[in-house]
Amino acid sequence: MSRLLTSATPRHLARTRTLMTTTSFTPTQLSIRHSILSLCRTKFPNSYWREADQTSSDPTSFHAAIASAGFLGIALPESYGGAGLGISEATMMMQSIAESGAGMAGAQAIHANVYATQPLLKFASEEMKSEVLPRIVDGSERVCFGVTEPGAGLDTMSLRTTAVRQMGEDGEEVYRISGQKVWTTCAHVADRIILLARTSPREAVSKPSAALSLFCIPLDRTQEGLTMRRIPKMGGRAVDAAEVFFTDYTAHASCLIGGVEGKGWEIVTHGMNAERCLLAGEALGLGYAALERAASYAKEREVFGRPIGKNQGIAHPLAEAWIRLEAAKLATYHAARMYDESTASEASSAVGQQDVDAPTQKEVGVAANSAKYLAAEVAFAACERAVLTHGGMGYAVEYDVERWFRESLVPRIAPVSREMILNFVGEKVLGLPRSY
Amino acid sequence: MHPTSARLLNILVPIKRTIDYAVKIRVNPQNTGVDTNVKHSMNPFDEIAVEEAIRQRERNKDAIKSIKVVSIGPPKASEVIRSALAMGADSGIHVEYPDSAPSPEPLAIAKTLKAIIEREAKEKNAPIDLVILGKQAIDDDAGQTGQMLAGLLGWGQATYASKVELDASGKSANVTTEIDGGSQQLKGQLPMVITTDLRLNEPRYASLPNIMKAKKKPVEKLSPSDLGIDLTPLLETIRISEPAKRQAGAKVETVEELVAKLKEAGFKAA
Ligand SMILES: Cc1cc2nc3c(=O)[nH]c(=O)nc-3n(C[C@H](O)[C@H](O)[C@H](O)COP(=O)(O)OP(=O)(O)OC[C@H]3O[C@@H](n4cnc5c(N)ncnc54)[C@H](O)[C@@H]3O)c2cc1C
């Protein structure tokens, strides 16, 4: 190693240094990682995120920078301004954003724009796609995703927000929407909401899922029937999460995704496994960021005349966190690859070529949920350890680890809880009876 | 102003794939070399060279016609070519040698570059006006290629550059270079060889569309024999070993004690 270099490490090298091993990633994935880490660490350092968190101010300039570097269209086709890559690459991008220090706040600021556009791509009309997708890709519009309701929780089938098709005042068909969503991330800064709502009473349809439909609705704040309330929360405070209230809110009938009612659940589940992969990546990024910080502090901080990292009580939990992060990384990119393979095989079977080896939806679901579970748990463990390694300083905002620790609860709760993943694996893999 | 009829400039940027700067270098168990089964990336000084070429084009928009990168290396050197293309270079040349071949010495690299430069002029009608390359590669730290190339070509050279001002129409360059204890200003006519130092610039990140476009940019693959070059090293490496472990020092409490210890060790006042 060059002496000339170690004496003055150039800034452009320090910015892409991380603890994760990168064997077996593709050159494209590594280019994305390199570029995102450089972009984030030079333009949006930890001070930016500390400030945004402390003042609950939206990272608007960050969203704009990611959009203008062309990253929001990572998993959309070139015809809509995208790069035509897969969820594996999108996961790498989300991980690298979180890992740069931006954490979950950075990830959540763009998450829905990357993920909620997937179901649009597959199910929306050409007209809707060409209207909405290029604007999301270039950053001129942002979207949010509204599924969760206060009265339904993880039991999505019992959601209560209704959308009723009617003849509007100007003779055009409209939907009138009433109900409440909760935890809608980025609602305050979004231009559109992808909304899951009930279009029939539960009893009126053969199976409960057939009562739900998915919409892509412009958020027109001049309508009285739309109000939002910011939810004060534990972490990721830069990014808002809101209660969104609809009272006879009117949207043009063309906002129904896929053109037929009753397909909402099918469309949402299509994108779910992709979202699990992205979240697993975000959790990994958070975990590696915290671990790296902890390890460097443990090397420098001297107590009892030696670096604290010399004590195995400090070193071993950090070493264990690294081993678990590496394992969760393999699970995550394995799931993302399966997702991409299954999407590719859907595309080729649509033109009459069957790929018999492609993973089934169930296999993808098991892999994606397992990866999200693993990554979320180890991210939390790594963040907790990072705080403890810092002692009292771990509790100080200045050291960043408390911010990441607060954020590390999110991947354990959303978009699906740990318990529901264990329920899913119990039922689908082990064949155990359903408990609920 | 009349549109100038002057020929537009072509820049060549030689780049090397090296062991990543963050990897701890280890000697292999056979003591024949270092362990190369580790992360590699573009030599950091070469990244600065690519960046400089792109910045020169941004500054002198219409005056620079092409930025071509060339890497002489094993199959995987194509990865650093793609990275340079993603940053904004237009095309690449990969002079490939097998993984099993020993790594070539600076003189062989300089001769290869000279052959490429001659080929660009004769066969491609794209004579190179400026070569920008790293002052050294962080693997062998030889720091000789740029100077040898300038010597072989009979071109001017400005080494360890920290600032480059190109006068595209006057076909000259003002270069600030780093020297011991300060800097010096050099002015030279093109064609010219410039080697880059750390302070020259901070390389950019590639945008996603540029990463995607890079996959489609042309990369020409050549073998050393296509250029009439033999890369066989002139030197034989007999043995590579770790530097001897440094002995732990002792702490002294006072200046007197220090002086006493120095005397003990045989040091005398001059
Ligand atoms: C920061 C943040 C951002 C979010 N962003 C969005 C967003 O943008 N859009 C959106 O739609 N939602 C969003 N959510 C909501 C998130 O998806 C839900 O919080 C999550 O799905 C859990 O639902 P719930 O809060 O209603 O929990 P509940 O359904 O009330 O569950 C509470 C607890 O009970 C457990 N539980 C429930 N049923 C069972 C069972 N059968 N077996 C075992 N345990 C059970 C759960 O695991 C959980 O621990 C966000 C949440 C957070 C915290």
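Residues numbered from 1 in each chain as written. Chains lettered and ligands numbered in written order. Predicted model: local features only at pLDDT ≥ 70, side-chain atom pairs only at ≥ 80, totals over all residues. Heavy atoms only, no water.

1. Points about the overall build of chain B
Here is step 1 of the chain: Scanning chain B from N- to C-terminus turns up six helices and eleven strands.
Here is step 2 of the chain: Split into buried and exposed, the 270 residues of chain B put 46% on the buried side.
Here is step 3 of the chain: Considering only residue pairs separated by 6 or more positions, chain B has 69% of its internal contacts joining residues 24 or more positions apart.
Here is step 4 of the chain: Accessible surface, chain B as shown: approximately 14800 Å² in total, 52% of it carbon and sulfur.
Here is step 5 of the chain: When the 37 basic and 35 acidic side-chain charges of chain B are each reduced to a single mean position, those positions are 3 Å apart. (Helix = DSSP H or I, 4+ residues; strand = E, 2+ residues; numbered from the N terminus. Buried < 20%, exposed > 50% of the residue type's maximum accessible area, 1.4 Å probe, protein only. Contact = heavy atoms within 4.5 Å. Areas by Shrake-Rupley, 256 points an atom, 1.4 Å probe, with all protein chains shown as cover. Lys, Arg positive; Asp, Glu negative; His and termini not counted. Charge placed at Lys NZ, Arg CZ, Asp CG, Glu CD.)

2. A closer look at helix H2 (residues 77-87) of chain B
Here is step 1 of the chain: Residues of H2(B) that are buried: Ala77(B), Val80(B), Ile81(B), Ala84(B), Leu85(B), Ala86(B) and Met87(B).
Here is step 2 of the chain: Phi for Gly88(B), located one or two positions after H2(B), is positive at around 145°.

3. Some details on the UniProt feature "domain: Acyl-CoA dehydrogenase/oxidase N-terminal" (unreviewed entry) in chain A
Here is step 1 of the chain: When the UniProt feature table is mapped onto this chain, "domain: Acyl-CoA dehydrogenase/oxidase N-terminal" (unreviewed entry) is found at residues 26-139 of chain A.
Here is step 2 of the chain: A distance of 27 Å separates the end C-alpha atoms of residues 26-139 of chain A, which is 73% helix and 0% strand. (UniProt positions renumbered as here; feature names shortened; annotations may be inferred.)

4. Observations concerning the site of the ligand
Residues and elements named next belong to chain A.
Here is step 1 of the chain: Close contacts around the ligand come from 19 residues, with Phe145, Thr148, Trp183, Thr185 and Ser417 the closest.
Here is step 2 of the chain: The contact in question runs from a nitrogen atom of the ligand to an N or O atom on the side chain of asparagine 423, over 3.1 Å.
Here is step 3 of the chain: Burial of the ligand by the protein amounts to 67% of the accessible area it has alone, namely 970 Å².
Here is step 4 of the chain: Across the shell around the ligand, the residue classes tally to ten nonpolar, eight polar and one charged. (Near = heavy atom within 4 Å. Polar contact = N/O pair within 3.5 Å; in protein donor to acceptor, adjacent residues only side chain to side chain. Nonpolar A, V, L, I, M, F, W, Y, C, P; charged D, E, K, R; others polar.)

5. Digging into the sheet that holds strand S10 (residues 192-196) of chain B
Backbone-to-backbone hydrogen bonds pair the strands of a sheet. The strands run either parallel or antiparallel.
Residues and elements named next belong to chain B.
Here is step 1 of the chain: Read from one edge to the other, the open sheet built from nine strands follows the order S9-S8-S7-S10-S6-S1-S4-S5-S11, with strand pairing classed as mixed. Both edges of this open sheet fall to strand S9 (182-189) and strand S11 (219-222), since each of them pairs with a single strand only. Between one strand axis and the next, the sheet turns by 30° as a mean value, whatever way the strands run.
Here is step 2 of the chain: Pairing between strand S4 (residues 64-73) and strand S5 (residues 91-96): six bridges, direction parallel. Bridge pairing in S5 places lysine 68 opposite serine 91.
Here is step 3 of the chain: Set on the sheet, helix H3 (residues 106-122) makes contact with strand S1 (9-14), S4, S5, strand S6 (130-134) and S11; between it and S4 the angle comes to about 145°. (Pairing = 2+ DSSP bridges. Axes fitted to C-alpha atoms, helices over the stretch in contact; angles between N-to-C directions.)

6. Focus on the pattern of salt bridges
Here is step 1 of the chain: Counted by the stated rule, this structure contains 38 salt bridges over all chains.
Here is step 2 of the chain: Between Glu131(A) and Arg192(A) there is a salt bridge; the shortest N-O distance is 3.2 Å. Highlighted residues: Glu131(A) in helix H8 (residues 126-137) and Arg192(A) in strand S4 (residues 192-198), separated in sequence by 61 residues.
Here is step 3 of the chain: With a shortest N-O distance of 3.1 Å, Lys16(B) and Asp139(B) are connected by a salt bridge. (Salt bridge = Lys/Arg side-chain N within 4 Å of Asp/Glu carboxyl O.)

7. A look at the environment of Val34(B)
Here is step 1 of the chain: When you line up the elements, Val34(B) lands in the loop between strand S2 (17-19) and strand S3 (40-42).
Here is step 2 of the chain: Each C-alpha atom of the pair Val34(B) and Ile19(B) lies 9.9 Å from the other, and the pair is 15 residues apart in sequence.

8. Some details on the packing of aromatic side chains
Each aromatic ring pair is summarised here by two numbers: the centre-to-centre distance and the angle between the ring planes.
Residue and element names in this part refer to chain A.
Here is step 1 of the chain: Enumeration over the complete set of coordinates arrives at ten aromatic pairs over all chains.
Here is step 2 of the chain: Relative to tryptophan 49, the ring of tyrosine 48 has its centre 5.0 Å away and its plane inclined at 80°; by these criteria the two rings are edge-to-face.
Here is step 3 of the chain: By relative accessible area, tyrosine 48 is classed as partly exposed at 21%.
Here is step 4 of the chain: Looking at tryptophan 49, the relative accessible area reads 2%, which means it is buried. (Phe/Tyr/Trp six-rings, centres within 6.5 Å; stacked < 30°, edge-to-face > 60°.)

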